[in-house]
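Below are the chains, spelled out letter by letter.
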Amino acid sequence: MKKAIKITVSVLAWIVLILALLVTILVFTADSNNGVSNLLGYMPLTVESDSMSPTFSSGDLIIDCEIDDVYKLQKDDVITFWTIIDGNKVKNTHRIIGVNSRNGSVSFVTKGDNNDVKDSVEVYPSDIIGKWTGVKIGGFGSVMSFLRTKTGFFVCIIIPIALFFLFELYKFIVTIVEIKRPAAVQLDEEEIKKKAIEEYLAQQKEKSDSESKDSATDTETSDSKNEDSEAEATTTDSGNNQPENNDNKDE
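Residues numbered from 1 in each chain as written. Predicted model: local features only at pLDDT ≥ 70, side-chain atom pairs only at ≥ 80, totals over all residues. Heavy atoms only, no water.

Trainee: Now, about the layout of surface pockets: what can you tell me, with residues and values included?
Mentor: Put simply, the largest pocket is a space of about 370 Å³. If you go around the largest pocket, you meet 20 residues; those closest to its centre are L19, V23, L26, F140 and M144. It is helix α1 (residues 2–31) that provides the largest number of residues to the lining of the largest pocket, a total of six residues. (1 Å grid on protein atoms, 1.4 Å probe; cavity = no way out; pocket = protein on both sides within 12 Å on 5 of 7 lines; lining within 4 Å. Points joined across faces, edges and corners; volume = space filled by probe spheres on them. Helix = DSSP H or I, 4+ residues; strand = E, 2+ residues; numbered from the N terminus.)

The following block contains the structure:
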């Protein structure tokens, strides 16, 4: 049971460490890539509005992939791109509803699934961040946003990593102690075996002595019975001899 608990704790610790490292990589890659995390060509993004509801909603996490050739994009693809909203450059994820080709260049008309009108500005290849892969995790985008803050990073990344290394240090110390213990444990086992043998021999001796005493008592009882039997026989013989003497006197 203890071994199973140790294995479970160890596996959970490694899972936490791996997740912490992944989040750390995502956070640092986002800082160096205009706020867009990138892990082997895949980009986890937090949905910040309900313009694409019910496809995905605010707070969800979606996964985009890099686009090798924007000319392969077509109507109904969902893309993430840079745009200007209220004077601020922000990321937006909408569906392509039209493709315009002019003089060898291409642009895309986009619209949110939950919006009544199309976006006012066309999207150009230089603005495109990635294409939605169809993967979403409900509500996890809010978690990722929290992890990108200093408080979230400290609570969910730094502390778990520190606890993991403390746990591994504890395991290392326990292993060293157990390596040094076998000799003492072996001596203890030898002493236990020796005591067990001595107790067994003592019990056998007591049993033997008890059997010897019982045997001696039985022998004395048998001798006493034999003496009583001989005495009775002698008395009987004496009784039988008396009539014969009387008969001789009568003659």
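From this point on, the discussion continues.
Trainee: Talk me through the pattern of salt bridges; I want residue IDs and the actual numbers.
Mentor: Here the structure, examined in full by the defined rule, presents four salt bridges. Its salt-bridge partner being E168, residue K171 comes within 3.7 Å of it at the nearest N-O pair. Separated by three residues within a single helix, K171 and E168 lie in helix α3 (residues 150–180), roughly one turn from each other. What makes K171 partly exposed here is its relative accessible area of 30%. The partly exposed category is assigned to E168, whose relative accessible area is 23%. (Salt bridge = Lys/Arg side-chain N within 4 Å of Asp/Glu carboxyl O. Buried < 20%, exposed > 50% of the residue type's maximum accessible area, 1.4 Å probe, protein only.)

Trainee: Can you lay out the nonpolar core for me, pointing to particular residues and giving the numbers?
Mentor: M144, I157 and I161 are the most contacted members of the largest nonpolar core, which totals 13 residues. Those elements that provide at least two residues to this core are α1, β2 (61–65), α2 (140–147) and α3. It is α1 that provides the largest number of residues to this core, a total of five residues. Not counting chain neighbours up to four residues away, the residues in contact with M144 comprise L26, T46 and L61. (Core = buried A, V, L, I, M, F, W, Y, C linked by side-chain atoms within 4.5 Å. Contact = heavy atoms within 4.5 Å.)

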